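What follows is each chain in one-letter form.
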Amino acid sequence: MRPLAPPLNVIEAGLFAPLVQRGSAGVSVPGGEPGEARAAAAVLSTQPRPGLILQIDGASGPWRVARPLAVLLSEPAGHPDIWYGWLMAAETDYASPWDLVLEGPDAPYDPSAAMVQVWNPVHVDCPAARVALGELAPARLAAVRDLALELADVHPDPAGADPGTLVQRITSGGYPVLTGTPLGDGQDPRWRYHALYFAAADAVRDLARHALGELAPAPAWWQRVLAALRGAAKQWQLPLVLLPQPAMGPASPATTEPETWRLNDWLDLQFIPGSTGDALQIHGTLRAADPLTIALEVDGQARQQQPLDRARASGDLFAGAGVALTLTVRDRGGHCLFAAPLPDNAKRTPAS
């Protein structure tokens with residue numbers, strides 16, 4: 001087996017060296033300087049579309065990569081800014097059967113995007129793109145998608161491994177592609193190459209995850225009340241179980257019955273939001289044999305409370321956003337069995 005270029009240690013250093021050391025350690029970074037191919041591709045718009053090749057650097061946000069990474073866009077993933085695609089790379093010597101190597105008709109494209117790592121899918125935060133590096137024609141993107149479909153079902157014979165060699169193949173859809181040979185045993189350096197780039201792709205994935213958190217609509221106040229209740233139950237080491245809704249027949253009208261949560265074996269709680277989402281009716285039903293009191297408290301003082309016993313097993317409390325309320329459950333003697341501080345809109349934090 002001939003040595004593959006560049007060596008794995010150079011690839012690893014280029015991917016993971018700290019940002020402050022870039023360019024100072026004698027590491028050659030593919031695509032690190034604008035060249036003729038990049039200048040030709042840079043006239044492309046970065047507006048997301050199928051087949052577009054983007055450069056993601058992430059240097060403007062909390063998720064940083066040691067050098068820019070190239071990605072190929074396939075289709076949107078539930079939001080106009082977030083797309084599904086694959087990582088791309090420069091080191092065609094390390095091509096496997098699941099790396100599509102770009103060819104002359106694919107030009108112009110930047111050398112840092114010389115092959116598509118079909119085995120390395122990512123979600124992409126498109127606004128994080130600095131520049132467009134190229135664009136594949138629809139037929140070429142279809143070939144990439146064909147390889148992606150074959151990945152789960154086709155298992156090339158390791159005996160055909162020949163690292164550094166490229167072969168022409170025909171995909172199941174009839175598209176000609178240039179790829180590498182099958183991966184060999186554990187000594188095949190392409191296994192380590194895959195591990196390095198799969199880890200590097202986490203930077204792109206993290207950017208998308210962070211962006212999705214920022215783009216997602218913030219939950220309504222009453223939904224955050226439910227989250228606070230679940231968190232408090234965990235802290236108090238008490239079971240909080242969502243009870244199943246009764247089955248409805250096909251001819252039955254749609255039910256609007258609120259969800260019922262059972263706290264330990266003490267009581268059932270229903271949370272009924274107001275029309276604006278910032279007010280809440282809390283309906284409690286006693287399940288325990290002994291009396292309990294549910295209350296909304298501020299600094300340990302009850303603002304509202306409902307004693308529950310066998311004679312009067314149900315009661316309601318009414319909460320609103322903007323007040324630091326705590327939902328409590330106390331026994332007959334006033335001992336606190338459970339307390340859940342409710343979220344205050346004034347202390348709201350962005351989704352993450």
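All residue numbers refer to positions counted from 1 along the written sequence of the respective chain. In view of the model being predicted, local features appear only for residues whose pLDDT reaches at least 70, and side-chain atom pairs are presented and counted only at 80 or more, with totals across whole chains, interfaces and linings using the full set of residues. Excluding hydrogens and water, the side-chain figures rest on all heavy atoms present in the structure.

(A) Representation of the overall build of the protein within the structure. Within the protein, the secondary structure is distributed over five helices and 17 strands. Here the term buried applies to any residue with accessible area under 20% of the maximum for its type, exposed to any over 50%, and partly exposed to those in between, with areas from a 1.4 Å probe on protein chains only. Evaluated residue by residue, the protein yields a buried proportion of 43% over its 352 residues. Restricting to contacts in the protein with at least 6 residues of sequence separation, those with at least 24 account for 62%. Method for areas: the Shrake-Rupley scheme with a 1.4 Å probe, in which residue coverage is limited to the protein chains shown. On the protein, roughly 17700 Å² of surface is accessible, and the fraction owed to carbon and sulfur atoms is 56%. For helices the rule is a DSSP run of H or I covering at least 4 residues; for strands it is a run of E covering at least 2, with both sets numbered from the N terminus onward. Note on definitions: a residue-residue contact is assigned when non-hydrogen atoms from the two residues lie within 4.5 Å.

(B) A look at the sheet that holds strand S12 (residues 279–286). Taken in spatial order, the five strands make up an open sheet running S9-S10-S11-S12-S15, and their pairing is antiparallel. With one partner strand each, in any of the chains shown, strand S9 (240–242) and strand S15 (314–320) form the two edges of the open sheet. The sheet shows a mean angle of 25° between the axes of neighbouring strands, direction not considered. Only strands that DSSP links by at least two bridges are regarded as paired with each other. The pairing of S12 with S15 spans seven bridges and is antiparallel. Axis lines are fitted through C-alpha atoms, for helices just across the contact stretch, and the angle between N-to-C directions can take any value from 0 to 180 degrees.

(C) Region of interest: the packing of aromatic side chains. For Phe, Tyr and Trp, where Trp contributes only its six-membered ring, two rings pair if their centres lie within 6.5 Å, and the inter-plane angle classes them as stacked under 30 degrees, edge-to-face over 60, or tilted in between. Counted according to the given criterion, the structure contains four aromatic pairs. Where tyrosine 94 meets tyrosine 193, the ring centres are 4.7 Å apart and the plane angle is 15°; that geometry is what we call stacked. One end of the pair, tyrosine 94, is in the loop between strand S3 (82–89) and strand S4 (99–101); the other, tyrosine 193, is in helix H4 (residues 189–215), with 99 residues separating them in the sequence. Across the pair, tyrosine 193 and tyrosine 94 agree in class, each one buried. Ring geometry for tyrosine 193 and tyrosine 197: centres 4.9 Å apart, planes at 50°, overall tilted. With tyrosine 193 and tyrosine 197 both in helix H4 and four residues apart, the pair spans about one turn of that helix. Across this residue pair, the class does not change: tyrosine 193 and tyrosine 197 are buried. Of note, arginine 169 hangs over the ring of tryptophan 98, and the distance from its end group to the ring centre comes to 5.4 Å. The side chain of arginine 205 reaches across the aromatic face of phenylalanine 198, ending 4.4 Å from its centre. Only lysine NZ and arginine CZ atoms are considered, and such an atom sits over a ring when it is within 6 Å of the ring centre and within 35 degrees of the ring normal.

(D) Up close: the environment of alanine 289. Within the secondary structure, alanine 289 is located in the loop between S12 and strand S13 (292–298). Taking the C-alpha atoms as reference, alanine 289 lies 9.7 Å from aspartate 265; in sequence the two are 24 residues apart.

(E) How the structure looks around helix H3 (residues 138–150). With 13 residues, H3 extends 18 Å between its outermost C-alpha atoms, agreeing within 8% with the 18 Å of an ideal straight helix rising 1.5 Å per residue. Considered for burial, the residues of H3 that qualify are Arg140, Leu141, Ala142, Ala143, Val144, Asp146, Leu147 and Glu150. Looking at the packing, one finds that the buried side of H3 touches strand S2 (69–79), S3, S4, strand S5 (115–125), strand S7 (166–170) and strand S8 (176–180). Residue count minus one, scaled by 1.5 Å, sets the expected span of a helix.

(F) A look at the side chain of glutamate 150. Along the chain, glutamate 150 turns up in helix H3. On the basis of relative accessible area, glutamate 150 is assigned to the buried category, the value being 9%.

(G) The confidence of the model for the protein, seen in detail. For every residue, the predictor states its confidence as a pLDDT score lying anywhere from 0 to 100. Per-residue confidence for the protein gives a mean pLDDT of 84; residues scoring 70 or more make up 84%. For residues 19–34, every residue scores under 50 in pLDDT, and the model assigns this stretch 20 contacts once sequence neighbours within four places are set aside. A low-confidence stretch, residues 247–255 (pLDDT under 50), is modelled with one contact involving residues beyond four sequence positions or located in other chains.

(H) Representation of the pairing of strand S17 (residues 336–341) within the structure. Of all six residues that make up S17, five are buried, and the element is covered over most of its length. Bridge count between strand S16 (residues 326–330) and S17: five bridges; the pairing is antiparallel. Following the sheet pairing, arginine 330 is matched in S17 by cysteine 336.

(I) Spatial organisation of unusual backbone geometry. Residue alanine 5 is joined to proline 6 through a cis peptide bond whose omega torsion reads -10°. Secondary-structure assignment places proline 6 in the segment before helix H1 (8–16). Between alanine 107 and proline 108 the backbone carries a cis peptide bond, its omega angle lying at 0°. The residue proline 108 is located in the loop between S4 and S5 in this model. Located in the positive-phi region is glutamine 237, a residue other than glycine, with phi close to 55°.

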